[in-house]
Amino acid sequence: MFKHCVLSTLRPPPAQFANSFRFRTRSMAGCSKETPKLSQEQIAERLKSLPFWKLNETGDSISKKFVAKNWMAAMSFFNAVTEIAEAESHHPDLHLTSYRNVQVDMSTHAINGLSEIDMDMAAKIDVINVEYSPKWLRDQAGNSS
């Protein structure tokens, strides 16, 4: 799946999103001010295939939040994100509060907005196997019904 990144914590994308994910490796050059910024319409379209990510109020970043089962589960997730970010030379902002509340913020800092690279990274991050808090999972199931 990844040419530069092989992680034991990765799993294939869910079948309903398999055709939406764009797994491609990038050069190690990273992003620059010439990186194309996505329009709000493009962002909305891409977010349809990233159901765990939310656009912030200003429309210049996306976030994923969850509660890990424990500290080790949160840190395992962060380590897996780190491997992907290093392989792609594109790094999200990672936040950990109360030892297991996780938030990932994704944007392209060089353009102060979102690029295709951010959406690809979000899809790759979604493939990381996370040990979620059982209570958080129950709450999520209750919110979707």
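Residues numbered from 1 in each chain as written. Predicted model: local features only at pLDDT ≥ 70, side-chain atom pairs only at ≥ 80, totals over all residues. Heavy atoms only, no water.

**Q** So what exactly am I meant to see when it comes to the packing of helix 1 (residues 40–47) against helix 3 (residues 116–126) here?
**A** When two helices pack together, their arrangement is given by the angle between the helix axes and the distance between those axes. Viewed as axis vectors pointing N to C, helix 1 and helix 3 meet at an angle of 10°, and their least axial separation amounts to 11 Å. Accordingly, the angle class assigned to the pair helix 1 and helix 3 is roughly parallel. For the crossing formed where helix 1 meets helix 3, the hand is right-handed. Facing Ile43, Arg46 and Leu47 of helix 1, the residues of helix 3 in contact are Glu116, Met119 and Asp120. Looking at the contact of helix 1 with helix 3 residue by residue, the classes come out as three nonpolar, no polar and three charged. (Axes fitted to C-alpha atoms, helices over the stretch in contact; angles between N-to-C directions. Helix = DSSP H or I, 4+ residues; strand = E, 2+ residues; numbered from the N terminus. Parallel < 35°, antiparallel > 145°, perpendicular 65-115°, else oblique. Left-handed = near helix turned anticlockwise from the far one by under 90°. Contact = heavy atoms within 4.5 Å. Nonpolar A, V, L, I, M, F, W, Y, C, P; charged D, E, K, R; others polar.)

**Q** I keep staring at the environment of isoleucine 125 and nothing clicks. Help me out?
**A** Looking at where isoleucine 125 falls in the secondary structure, it is placed in helix 3. The buried category is assigned to isoleucine 125, whose relative accessible area is 0%. For the pair formed by isoleucine 125 and valine 81, sequence separation is 44 residues and the distance between their alpha carbons is 6.3 Å. Setting aside residues up to four positions removed in sequence, isoleucine 125 forms contacts with Trp53, Lys64, Phe77, Val81, Pro92, Val104 and Met106. (Buried < 20%, exposed > 50% of the residue type's maximum accessible area, 1.4 Å probe, protein only.)

**Q** How should I be thinking about the sheet that holds strand 4 (residues 101–106) in this particular structure?
**A** In a beta sheet, neighbouring strands pair by backbone hydrogen bonds and run either parallel or antiparallel. The strand order across the open sheet formed by four strands is 1-2-4-3, and the pairing between neighbours is antiparallel. In this open sheet, the two strands that pair with only one neighbour each are strand 1 (54–55) and strand 3 (93–97). (Pairing = 2+ DSSP bridges.)

**Q** Would you mind going over the nonpolar core with me for this structure?
**A** Buried together is how nonpolar side chains tend to be arranged in soluble globular proteins. Counting residues in hydrophobic clusters, the biggest one holds 31 residues, and the most contacted among them are Trp53 and Phe77. Counting only elements with at least two residues in this core, the list comes to helix 1, strand 2 (62–67), helix 2 (71–88), strand 4 and helix 3. Setting aside residues no more than four positions away along its own chain, tryptophan 53 makes contact with Leu47, Ile62, Ser63, Lys64, Val104, Met106, Ala122, Ile125 and Asp126. (Core = buried A, V, L, I, M, F, W, Y, C linked by side-chain atoms within 4.5 Å.)

**Q** I keep staring at the environment of glutamate 88 and nothing clicks. Help me out?
**A** Mapping glutamate 88 onto the fold places it in helix 2. With relative accessibility at 3%, the residue glutamate 88 sits in the buried group.

**Q** For this particular structure, what's the right way to read the packing of aromatic side chains?
**A** Applying the stated rule across the entire model yields five aromatic pairs. With a centroid separation of 5.0 Å and 90° between ring planes, the pair formed by phenylalanine 66 and phenylalanine 77 is classed as edge-to-face. Of the two residues, phenylalanine 66 is situated in strand 2 and phenylalanine 77 in helix 2; the sequence distance between them amounts to 11 residues. Since its relative accessible area comes to 1%, phenylalanine 77 is described here as buried. Taken together, Phe66, Phe77, Phe78, Tyr132 and Trp136 form an aromatic cluster joined through their ring pairs. (Phe/Tyr/Trp six-rings, centres within 6.5 Å; stacked < 30°, edge-to-face > 60°.)

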